[in-house]
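Tertiary structure, described
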Amino acid sequence: MNRLRGLCLSLSLAAGLVGEATAACRQALALALDVSGSVDLREYRLQLDGLVTALNDPEVVQALLAVPSAPITLMVFEWSGRSDQVVLVPWTTLTDRATLADISSTLAGTKRRVATPGTALGIAMNVGAAYLDQQKDCTKRTLDISGDGESNLGPRPREFRDAIGARGITINALVIGADAATKGDRGQDDIGELSSYYRAEVITGPNAFVQTALGFEDYAAAMTAKLKREIDSLTISKLQ
């Protein structure tokens, strides 16, 4: 009888440890920023500063830090050509506002590096998925990829998309279109075409979506809206 009780206790403790491991991370979020040749220095700065603005939006902060017992882990990397993927912020568990402040400080101090001008979107997707494979204990894994153009280097994005989705990874996209102030109505046409491309070639997973920014000046607002949408509210409600 004592052996049976001991076995039951061991199984109970093991189940508890599995539950804790499962709840240890409710979402892994990898943010991929386009720094290809079509992105000039001003646009580069608008993109990084826009991300800082989004990460410090009060509603985004509240959502990111909503469940301290099952936090979100976040990383940021840049992408452009075949071998131009560079991590700006390594995987960081978002435990408090001080952690978000440290990330913001890192991004604000990041300088533009020299990169090849091409747009290897398929490779960026594959690299982002590999980073997310490092976070398999997270309940949800999301690649948030920004881009202002179609892929023109390496394999097509669709060659990776389905396999990435089959691994349980969601890819959402933030499409950056031409500035309406400089292109008028044609700016809307361009962003519509680019959004259709990302829907057909890039996004995958349950409830995957494309967010749009009409010019880099709109990037902060678009990223803010995107983060509010993709932070897993369903998981939050289950854990609270």
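I will try to describe carefully the structure that is included in this document. Remember, predicted model here, so these are calculated numbers, not experimental data.

The rules behind these values
Residue indices follow the written sequence of each chain, beginning from 1 at its first position. In view of the model being predicted, local features appear only for residues whose pLDDT reaches at least 70, and side-chain atom pairs are presented and counted only at 80 or more, with totals across whole chains, interfaces and linings using the full set of residues. Heavy atoms from the whole structure form the basis of all side-chain values; hydrogens and water molecules are not counted. Only DSSP runs of H or I with at least four residues qualify as helices, and only runs of E with at least two residues qualify as strands; both kinds are numbered from the N terminus onward. Residues count as neighbours in contact if any of their non-hydrogen atoms are within 4.5 Å of one another. The method behind every accessible area is Shrake-Rupley, applied with a 1.4 Å probe, and residues are considered shielded solely by the protein chains displayed. To qualify as a nonpolar core, a set must consist of buried Ala, Val, Leu, Ile, Met, Phe, Trp, Tyr and Cys residues joined through side-chain atoms within 4.5 Å. Using a 1.4 Å probe on the protein chains alone, a residue whose accessible area is under 20% of its type maximum counts as buried, one over 50% counts as exposed, and one in between counts as partly exposed. Pairing between strands is defined by DSSP: at least two bridges between them are needed. For helices, the fitted axis covers only the stretch in contact; all axes are lines through C-alpha atoms, and the angles between them, taken along N-to-C directions, range from 0 to 180 degrees. Cysteine sulfur atoms that pair up within 2.5 Å are treated as a disulfide. Here a salt bridge means any side-chain nitrogen of Lys or Arg lying within 4 Å of a carboxyl oxygen belonging to Asp or Glu. The labels follow the angle: roughly parallel below 35 degrees, roughly antiparallel above 145, roughly perpendicular from 65 to 115, and oblique for the rest. Handedness of each helix crossing follows the sense of rotation of the near helix against the far helix: counterclockwise by less than a right angle gives left-handed, clockwise gives right-handed. Definition of a polar contact: a pair of N or O atoms within 3.5 Å, with one able to donate and the other able to accept a hydrogen when the atoms are protein atoms, and with sequence-neighbouring residues admitted only if both atoms are side-chain atoms.

Secondary structure assignment for the protein chain yields 10 helices and six strands. Put simply, of all contacts in the protein chain between residues at least 6 apart along the chain, 79% involve residues at least 24 apart. For the protein chain, the exposed surface amounts to about 11200 Å²; the carbon and sulfur share of it is 54%.

Looking now at the nonpolar core. Ranked by internal contacts, the top residues of the largest apolar core, which has 34 residues, are Val76 and Leu107. Contributing elements (two or more residues each) for this core: β1 (27-34), α2 (41-55), α3 (58-64), β2 (72-79), β3 (86-93), α4 (97-108), β5 (169-177) and α9 (219-230). By residue number, the principal contributor to this core is α2, which donates six residues. Those residues in contact with Leu107 that sit more than four places away from it in its chain are Arg45, Leu48, Leu51, Val52, Leu55, Val76, Leu88 and Val89. Ranked by size, the runner-up nonpolar core spans 33 residues in total, among them Met75, Ala124, Ile164 and Ala173.

Across the sheet, six strands lie side by side as β3-β2-β1-β4-β5-β6; this open sheet has mixed pairing. Of all the strands in the sheet, the pair left with one neighbour each is β3 and β6 (210-214). Averaged over all pairs of adjacent strands, the angle between their axes in this sheet comes to 15°, without regard to strand direction. The strands that α4 touches are β2 and β3; relative to β3, the one it contacts most, it runs at about 175°.

We now examine the state of the cysteines. Summed over the entire model, instances satisfying the criterion amount to one disulfide. Each sulfur in the disulfide pair Cys25 and Cys138 lies 2.0 Å from the other. On the S-S bond that ties Cys25 to Cys138, the torsion sits near 95°, and the link is right-handed. Of this pair, Cys25 sits in the loop between α1 (2-23) and β1 while Cys138 is found in the loop between α5 (121-132) and β4 (140-147), placing the two residues 113 residues apart along the sequence. Here Cys25 falls in the buried class, since its relative accessible area comes to 10%.

Pairs may arise between side chains of opposite charge once their charged atoms sit close together. Going through the model one piece at a time under the given rule, you end up with 13 salt bridges. Salt bridges sharing partners connect three or more residues here, namely Asp57, Glu59 and Lys228.

So, about the packing of α5 against helix α6 (residues 158-166). The geometry of a pair of packed helices is captured by two quantities: the angle between their axes and the separation between those axes. Interhelical geometry of α5 versus α6 gives an angle of 20° and a closest axis separation of 9 Å. Taken as axis vectors, α5 and α6 run roughly parallel relative to one another. The two elements α5 and α6 meet at a crossing, and its hand is left-handed. Of the residues in α6, those touching α5 at Gly122, Ile123, Met125, Asn126 and Ala129 are Phe160, Arg161 and Ile164.

Checked against the element boundaries, Ser104 lands in helix α4. For the pair Ser104 and Asn56, spaced 48 residues apart in sequence, the C-alpha to C-alpha distance is 8.2 Å. Ser104 has contacts with Val52 and Asn56, leaving out every residue within four places of it along the chain. Engagement of the side chain of Ser104 in a polar contact is seen with the side chain of Asn56, the distance being 2.8 Å.

Geometric descriptors of this kind do not, in isolation, establish any biological role.
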